[in-house]
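Reading the structure
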Amino acid sequence: MTAATILHWGLGLAQLILVAAMLLSALRMIRGPRAQDRILGLDTLYLNAMLLILVHGMRSGINLYFEAALVIGMLGFTATVALAKFLMRGEVIE
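First, a word on scope: everything that follows refers to the structure included in this document. (Residues numbered from 1 in each chain as written. Predicted model: local features only at pLDDT ≥ 70, side-chain atom pairs only at ≥ 80, totals over all residues. Heavy atoms only, no water.)

**Topic: the packing of helix H1 (residues 3-31) against helix H2 (residues 35-60)**
Heads up, the rule is: For helices, the fitted line uses only the C-alpha atoms of the stretch in contact; every axis is such a line through C-alpha atoms, and the angle between N-to-C directions lies from 0 to 180 degrees. A run of H or I in DSSP counts as a helix once it spans at least four residues, and a run of E counts as a strand once it spans at least two, with each numbered from the N terminus. Working rule for angles: under 35 degrees goes down as roughly parallel, over 145 as roughly antiparallel, 65 to 115 as roughly perpendicular, anything else as oblique. In this scheme, a crossing is called left-handed if the near helix is turned counterclockwise away from the far one by less than a right angle; it is called right-handed if the turn is clockwise.
One way to put it is that H1 packs onto H2 with a least axis distance of 8 Å and a crossing angle of 165°. Of the possible angle classes, the one that applies to H1 and H2 is roughly antiparallel. Every pair of crossing elements has a handedness; the one defined by H1 and H2 is left-handed.

Below, the structure is given as C-alpha cells:
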C-alpha cells in the first residue's frame, strides 16, 4: 500500500465523519431548546462545512476550495458574533 492510497482513503473517511458531524449539528440546530443552542449548532455546522470543503480541496488538489473555505470561515465568524450580540443586547447595531 502506498502513501497516496492511504492518504486517499484517510481523506475519504474524514469526509464521511465530517458529514456525520454536520448532521448532528443540524439536529442540534433544529431541536435546540434555547436560542443559544441553535446558535451553537449553526456555528458548528459552518465550521464542519468549512472543514469538509478543505478536505475535499486536499483530495482533489484544486486551490479554489481553500479560498472558498476562507470566505466561509470569515462570514461564519461574523454571523456568530452578530447573533451573540443580538442575544445579549437585543440589537446588532447600536
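**Things to note about the packing of H2 against helix H3 (residues 64-89)**
Stated formally: Residues are sorted three ways: Asp, Glu, Lys and Arg are charged, Ala, Val, Leu, Ile, Met, Phe, Trp, Tyr, Cys and Pro are nonpolar, and all the rest, Gly among them, are polar.
It is at 9 Å that the axes of H2 and H3 come closest, and there the two elements cross at 175°. One finds that H2 runs roughly antiparallel with respect to H3. Considered class by class, the residues forming the contact of H2 with H3 number 15 nonpolar, seven polar and one charged.

**Considerations on H2**
Going by this rule: By this rule, a helix spans an expected 1.5 Å times one less than how many residues it contains. Contacts are assigned to residue pairs that have any heavy atoms within 4.5 Å of one another.
For H2, spanning 26 residues, the distance from its first C-alpha to its last is 37 Å, which sits close to the expected 38 Å at 1.5 Å a residue. Looking at the buried positions of H2, the neighbouring elements they touch are H1 and H3. Following H2 by one or two positions, Gly61 has its phi on the positive side, about 80°.

**A short note on the side chain of Ser25**
One can find Ser25 in helix H1. Those residues in contact with Ser25 that sit more than four places away from it in its chain are Gly41, Thr44, Leu45 and Asn48.

**Overview of the environment of Gly76**
Note the following rule: Relative accessible area decides the class of each residue, using a 1.4 Å probe on protein chains only: under 20% of the type maximum gives buried, over 50% gives exposed, and in between gives partly exposed.
Mapping Gly76 onto the fold places it in helix H3. You can call Gly76 buried: its relative accessible area is 9%. Taking the C-alpha atoms as reference, Gly76 lies 7.7 Å from Leu47; in sequence the two are 29 residues apart.

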